[in-house]
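# Chain and residue survey
Given next are the chains, with one letter for each unit.
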Amino acid sequence: MTASDAPAPPAADTDLPTGTDVPTGADREGPGTVRGLPLPQLLLDLIADGRWRHPGDAALAEALPWFADPVEFLPDVAAVRRQSASLDDLSDEELGPLFRQARGSTADEPVELPWLDAERAVLIAVARTAGDDTALALDYRTDPADPRVVGSDIWTNPREYTWRIAAPTFTAFATALGLLEQ
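Notes on the structure in this doc start here.

Cut-offs and rules
Residues numbered from 1 in each chain as written. Predicted model: local features only at pLDDT ≥ 70, side-chain atom pairs only at ≥ 80, totals over all residues. Heavy atoms only, no water. Helix = DSSP H or I, 4+ residues; strand = E, 2+ residues; numbered from the N terminus. Contact = heavy atoms within 4.5 Å. Buried < 20%, exposed > 50% of the residue type's maximum accessible area, 1.4 Å probe, protein only. Salt bridge = Lys/Arg side-chain N within 4 Å of Asp/Glu carboxyl O. Arc of directions from axis to C-beta.

## Considerations on the environment of alanine 174
- Its place among the elements puts alanine 174 in helix α6 (residues 170-176).
- Through-space distance from the C-alpha of alanine 174 to that of leucine 46 is 9.2 Å; in sequence the pair is 128 residues apart.
- Apart from the residues lying within four places of it in its own chain, the contact partners of alanine 174 are Leu42, Leu46, Leu179 and Leu180.

Encoded structure:
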């Protein structure tokens, strides 16, 4: 989960006749959605205003003291889409248990923390260094308008990859990082 290893975005389909409905899904999204999930309006506003940017490693460490590896904030909706596409691969039968990711639609019981429901999440920050396999995600299991922010945690127990709450809402996350004051 690094910025450099994401698949390229799909090419635009220009062969559709005028008036034809555009297919939906991960590769056909509305302007403010990723994986069929609406991004919080605050995130869209921060991106549009140029305020959605990394606040610095010290500020992130103060807000998330357990999160040890540096991350890169995904700068726009296109980058969020590219990176979030990796959730499908990381929640398959082989890698899902390693990265504690599952698909709620195929799970025998509800997917709860310390697991990430890959179908109800989008990535907003990824490891700055290739191979660190760390990320911050919006977790829509709590609120579709202002989802909580969760982070991968491989430091508390190095033998077990888990997801834990970074902030109860995206608004609280942005506030804690001082992004609303800029």
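## A look at the environment of leucine 37
- When you line up the elements, leucine 37 lands in strand β2 (residues 37-38).
- A residue is classified by how much of its surface remains accessible, and leucine 37, at 6% relative accessible area, is buried.
- Along the sequence, leucine 37 and alanine 121 sit 84 residues apart, while their C-alpha atoms lie 8.0 Å from each other.
- If we skip the residues at most four places from it in the chain, leucine 37 touches Gly32, Glu119, Arg120, Ala121, Val122 and Tyr140.

## With respect to the pattern of salt bridges
- For the structure on display, the rule yields 5 salt bridges.
- For arginine 128, the salt bridge is made with aspartate 57, and the minimal N-O distance between the two is 2.9 Å. Of this pair, arginine 128 sits in the loop between β6 (121-127) and β7 (135-139) while aspartate 57 sits in helix α2 (residues 57-63), placing them 71 residues apart in sequence.
- Residue aspartate 57 is classed as partly exposed on the basis of its relative accessible area of 40%.

## Focus: helix α1 (residues 41-49)
- Of the positions making up α1, those classed as buried are Leu43, Leu44 and Leu46. The arc that holds the buried residues of α1, viewed along the axis, is 160°, so those residues lie on one side. For α1, exposure combined with an orientation more than 90 degrees from the buried face picks out Gln41, Ala48 and Asp49.
- Check the buried side of α1 and you find it contacts α3 (77-84), β6, β7 and α6.
- Remark: glycine 50 follows α1 within two positions and exhibits a positive phi of approximately 75°.

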